[in-house]
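# Structural overview
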Amino acid sequence: MSAVLRYRGPATTWTDALPVGNGLLGAMCHGGALADRVGVNDGSAWSGTVETEHVDPLDPGTVRAALAEARVAIASQRFDDAADALRRVQHRHTQAYEPFVDLVVTTTPDGAGLVQDHERRLELGTATATTSFVLDGQPVRTATWASWPRRVLVHELVFPESGVGTVDVSLETLLHAPLDAASGAGAAAGAAASGTGDAALLVRLPSDVWPPHDGDVPDPVRWDGPALEGAAVLRLVDEHDRPLASSAVGDHVQVPARGTVRIVLATATTAQGAGRSPAGTATDAAAVAAGLVDAAITTGIDAVLAEQRADHAALVDRFTLTLPDGDHADRPTDERLARVATEGIATDPGLAALLVAYGRYLLICSSRPGGLPATLQGIWNAALRPPWSANYTTNVNLEMAYWPAEVTALPETVEPLVALVQAVARSGEQTAARLYDAPGWVAHHNTDAWGYTQPIGEGQHDPAYAFWPMGALWLLDPLVAHADHGADDAFVRDVLLPLVAGALAFVDAWVVTGDDGLRHTVPSTSPENHFVTATGASGSVDTDSAMDLALIRMTVSAYRRLSDRVGLETDPRLAALADALPPIEPGADGAVPEWHADRGHAEPGHRHVSSLVGAYPGTEPLDESMAAAVARTLDARGDDSTGWSLAWKLALRARLGDTAAIGRLLPLVFRTMDGVDDEGQRGGLYRNLFAAHPPFQIDGNLGFVAAVAEMLVQSHRDGIDLLPAVPEVFAHGAVRGLVARPGIDVDVTWGAVGDDGAELLEAGLRARTPRALGDHVVRHRGREVLVRLDAVAVRVPVVFPA
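Scoring rules and cut-offs
Residues numbered from 1 in each chain as written. Predicted model: local features only at pLDDT ≥ 70, side-chain atom pairs only at ≥ 80, totals over all residues. Heavy atoms only, no water. Helix = DSSP H or I, 4+ residues; strand = E, 2+ residues; numbered from the N terminus. Rg over C-alpha atoms; globule rule 2.2 N^0.38 Å. Buried < 20%, exposed > 50% of the residue type's maximum accessible area, 1.4 Å probe, protein only. Contact = heavy atoms within 4.5 Å. Areas by Shrake-Rupley, 256 points an atom, 1.4 Å probe, with all protein chains shown as cover. Lys, Arg positive; Asp, Glu negative; His and termini not counted. Charge placed at Lys NZ, Arg CZ, Asp CG, Glu CD. 1 Å grid on protein atoms, 1.4 Å probe; cavity = no way out; pocket = protein on both sides within 12 Å on 5 of 7 lines; lining within 4 Å. Points joined across faces, edges and corners; volume = space filled by probe spheres on them. Nonpolar A, V, L, I, M, F, W, Y, C, P; charged D, E, K, R; others polar. Core = buried A, V, L, I, M, F, W, Y, C linked by side-chain atoms within 4.5 Å. Axes fitted to C-alpha atoms, helices over the stretch in contact; angles between N-to-C directions. Parallel < 35°, antiparallel > 145°, perpendicular 65-115°, else oblique. Left-handed = near helix turned anticlockwise from the far one by under 90°. Pairing = 2+ DSSP bridges. Phe/Tyr/Trp six-rings, centres within 6.5 Å; stacked < 30°, edge-to-face > 60°. Lys NZ or Arg CZ within 6 Å of the ring centre and 35° of its normal. Salt bridge = Lys/Arg side-chain N within 4 Å of Asp/Glu carboxyl O. Expected span 1.5 Å × (residues − 1). Arc of directions from axis to C-beta.

## Some words on the overall build of the protein chain
Scanning the protein chain for helices and strands turns up 18 helices and 35 strands. Relative to the compact-globule value of 28 Å for 802 residues, the protein chain shows a C-alpha radius of gyration of 27 Å, a close match. Taken across its 802 residues, the protein chain has 61% of its residues classed as buried. A separation threshold of at least 6 residues defines the contact pool for the protein chain, and within that pool the share at least 24 residues apart is 69%. With an accessible surface of roughly 27400 Å², the protein chain has 51% of that area assigned to carbon and sulfur atoms. Charge separation in the protein chain, taken as the distance between the mean sites of 60 positive and 102 negative side-chain charges, equals 3 Å.

## Examining empty space enclosed by the protein
For the structure on display, the rule yields 9 cavities of 30 Å³ or more. By volume, the largest cavity amounts to about 480 Å³. Surrounding the largest cavity, 38 residues form its lining, D477, A481, P617, T619 and R741 being those nearest its centre. Of all the elements in the fold, those that place two or more residues in the lining of the largest cavity are α8 (403-407), α11 (471-484), α13 (546-566), α18 (698-712), β28 (713-714) and β30 (733-740). No other element matches α11, which puts 7 residues into the lining of the largest cavity. Tallied by class, residues from the lining of the largest cavity come to 22 nonpolar, 8 polar and 8 charged. There is about 80 Å³ of room inside the second largest cavity.

## Remarks on the nonpolar core
With 238 residues, the main nonpolar core has Y436, W648, F670 and L722 as its most contacted residues. With sequence-adjacent residues up to four places away left out, W648 is seen in contact with V396, M400, W403, W474, V609, S610, V613, Y616 and P617. V154, A268, V293 and A296 belong to the second largest nonpolar core, which has 21 residues in total.

## Notes on the packing of α11 against helix α12 (residues 489-510)
Helix-helix packing: each pair is described by the crossing angle between the helix axes and the interaxial distance. Running from N to C, α11 and α12 point in directions that differ by 155°, and their axes come no closer than 10 Å. By the angle between their axes, α11 is roughly antiparallel relative to α12. Taken as a pair, α11 and α12 cross one another with a handedness that is left-handed. Contacts from A472, L473, L476, L479, V480, H482 and A483 of α11 reach α12 at F491, V492, L496, L499, V500, A503, L504 and V507.

## Considerations on the sheet that holds strand β23 (residues 531-532)
Reading across the sheet, the 3 strands line up as β24-β23-β25 and stay open at both edges, with antiparallel pairing between neighbours. Single-partner strands in this sheet number two, and they are β24 (538-539) and β25 (600-601). Relative to β24, β23 runs antiparallel, the two being bridged by 2 bridges. The residue bridging V532 from the neighbouring strand is S538, located in β24.

## Brief notes about the layout of surface pockets
In this structure, the largest pocket occupies an estimated 990 Å³ of space. As for the largest pocket, its lining consists of 40 residues, and the residues nearest its centre are S715, H716, R717, D718 and G719. Secondary-structure elements contributing two or more residues to the lining of the largest pocket are α13, α16 (643-656), β29 (720-722), β32 (757-767) and β33 (774-780). Split into classes, the residues belonging to the lining of the largest pocket amount to 16 nonpolar, 11 polar and 13 charged. What the second largest pocket holds in volume is close to 660 Å³. What lines the second largest pocket is a set of 37 residues, and nearest its centre among them are L24, S44, A271, G370 and G371. Listing elements by their share of the lining of the second largest pocket, those giving two or more residues are β17 (260-269), α3 (282-299) and α9 (415-436).

## As for the packing of aromatic side chains
All told, the structure shown has 19 aromatic pairs when counted by the stated rule. For the ring pair F79 and F531, a centre distance of 5.0 Å and an interplane angle of 80° mean the geometry is edge-to-face. Of the two residues, F79 sits in helix α2 (residues 79-87) while F531 sits in strand β23, which places them 452 residues apart along the sequence. The exposure classification of F79 matches that of F531, with both residues buried. An aromatic cluster is defined as three or more aromatic residues linked by ring pairs; in this entry it consists of W14, Y358, Y361, W380, F690 and F696. In this arrangement the basic side chain of R599 is found over the ring face of F531, its NZ or CZ atom lying 5.7 Å from the centre.

## Section: the side chain of R671
Residue placement: R671 occurs in the loop between α17 (659-669) and β26 (684-685). With sequence-adjacent residues up to four places away left out, R671 is seen in contact with L337, A341, D640, S641, L646, R682, G683, G684 and L685.

## Re the pattern of salt bridges
Applying the stated criterion to the full structure yields 47 salt bridges. The partner of R6 in a salt bridge is D330, and the shortest N-O contact between them spans 3.4 Å. Remark: D330 occurs in the loop between β18 (320-322) and α5 (333-343) and R6 occurs in strand β1 (residues 4-8); sequence separation between them is 324 residues. On the accessibility criterion, R6 (14% relative accessible area) is buried. Given a relative accessible area of 60%, D330 falls into the exposed group. What you see here is one network of salt bridges that share partners, running through D745, D747, E762, R766, R768 and R795.

## Remarks on α3
For α3, which comprises 18 residues, the first-to-last C-alpha distance of 26 Å matches the rise-based estimate of 26 Å (1.5 Å per residue) to within 8%. Residues A282, A285, A286, A289, A290, V293, A296 and I297 constitute the buried set of α3. End-on view of α3: buried residues confined to an arc of 135°, all on one side of the axis. Where α3 is buried, its residues touch β9 (152-158), β11 (199-204), β14 (229-237), β17 and α4 (301-316).

## A look at the packing of α16 against α18
At their nearest, the axes of α16 and α18 sit 8 Å apart, and the two run at 10° to each other. By the angle between their directions, the pair α16 and α18 is classed as roughly parallel. Note on element contacts: α18 touches α16 through D699, G700, G703, F704, A707, E710 and M711, opposite G643, W644, A647, L650, A651, A654 and R655. Counted by class, the contact of α16 with α18 contains 8 nonpolar, 3 polar and 3 charged residues.

## Observations concerning unusual backbone geometry
Residue V522 is joined to P523 through a cis peptide bond whose omega torsion reads -5°. Here P523 is to be found in the loop between β22 (519-520) and β23. Of note, R151 is a non-glycine position whose phi angle comes to about 60°, a positive value. As for its placement among the helices and strands, R151 is situated in the loop between β8 (138-147) and β9.

## Considering the sheet that holds β33
The sheet built from 4 strands is open, its strands ordered β28-β29-β33-β34 with mixed pairing. In this open sheet, the two strands that pair with only one neighbour each are β28 and β34 (783-789). One ladder, built from 2 bridges, connects β28 with β29; its direction is antiparallel. Bridging across to β29, Q714 finds its partner in D721.

Right, dumping it as structure tokens:
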């Protein structure tokens, strides 16, 4: 399979542009010929600061009175009154991930400016976006890549040695200039700091950004409070790293369009990490950025490139999925997508493999140690008020973004998520104590780079979207997966278990003991969903949503298991917390009820399938009755939905081994978004293969990777199941480096797919860590074999008895 995206001509929209990134800095490459634009994002560039969460603080007495009122109203089935009470618990909103600068490159040709044979490529194996074209009969090419080791972006242009004209390079931004410390006024936009490169742009981030879904509000982007500052700095050198003769003023520089022109760019802000207060000024940030640029040039850009290639390859090459692509791999990607959207994925299964490779690539670009986790849009954004603030939505989207991290061998990408969860836990301790008079830590529906943990909504939102105090448990699930797939005991003992115990301590204080002797979550929402009341109205707040109950059980199970693993005693009260919960059982219609009371669905086709979280990504065993209930729930929801919902449904169907349903869902993933409005519930893919909610949300891309992995290998049933849910359209393929619990690389090659599943042609296992050594049960199509791993990194064939 050729892991390359290909296109003819420049990007015409943001979702045509090609993404590169190093986990700290992202760039959207439009690939223009005479006029090119590279949208540069700094991964730390968020509005507000840690202090923003404390603007207009909630009154704890009001919160506690409202909760008591809501519980009384729910007990008497006055659900509207309960919702009204919970609106008094709502604070403001999280902050937004912001754009940073645009690198604008304009070529003024000596000739007529005729552009021909214009092509763009994104090479996933090298993380390089390239453009090639013929300008007035002369070849021109560009390459854009970002180095994680050196923290720089390089945009290289290669012209004929004879020259074709001039190149004008400038930096533009939607952000404001820093405030002048003496006057409080903004300095001149684009003011360059002395000694900071050929061009520099100093910026100030907004102090507060209202989410666009809040509609038209006065001053939705504010600049008058505490905020981050930052800078972008660039230098221009030739292929020998020598400075180019140029004219430079502020954020603008001009050089001859001759030979090799390398633009070396770095960004920095005053951010100090997740949940930390900013420190320093834009001038300080400019000095940091200039230091990064100068260090890269001193090292030599060719050496930096070699280092970047090796660094990226060490991640991307661990896992490969191969599916037949015939002669389609060399065709433009948007044309491949258009054909598959019309004729089906069976005409080009290799496009599915490309989408898997692309998802892993996006996660690598968006989430590396030292940075923040992938936002709703990864590390890329062009809008001051991006959809849903491009924040961290904790009721599924942030967690889904990390579902593929462990199973496709990218555990390093989880480190930023761990750091964010630790920040949220610090903030959540304050919120739990102040608002709820509870121990431990709490998180709700949304968070941001600052670790926001209060209920959102401005006092105006439906609690279905705003009140959900189980976010901490959901956030822990990817960290538990990290431990289960090979993280060391120090991580479990020193990092994970304290977070788990703290989250359960809050839940222990939150649940209410009922007259039945059981412990109940009340008030309880099922994220963004609604039920039908006895009067036919729509309600969103009740008792014991299935998601609440499942997450508590999952977390308690992890608490017990991981404590035993590292030899720590559990708190008996926390370890027994799940034992007193109501059961999750099939409802009257055979499906899993959204709430324990099994009320009717106000939105039968709702995109969230929260009641099924225990089935996937949860790992609790499903007996025949519950497996049937999960399938019935999915049937009732219907197949079509948003991009990320399609991914979750695919993963659930894979967990059930339902290849027929997978075959129905795949065509919905591979729809083109050409001509489709960026609103609604219809998923698909943009031309650059970004997944559509719509609009773009990266969890659709990353959830798809995890779903395909679940079709190929499963390891949640005390063993390894090979090829448990391979759809017919994926016949004849191979996967290398898929990771099973407790840290085992799995290689599998398969052939035809029949009624009894995929034909196993060859398989092998490799232990990644000493914890994975020993005997492992491997299953395929009703057969079982015991495979012994005696040494780390040594491949052992899987051979079933004849």
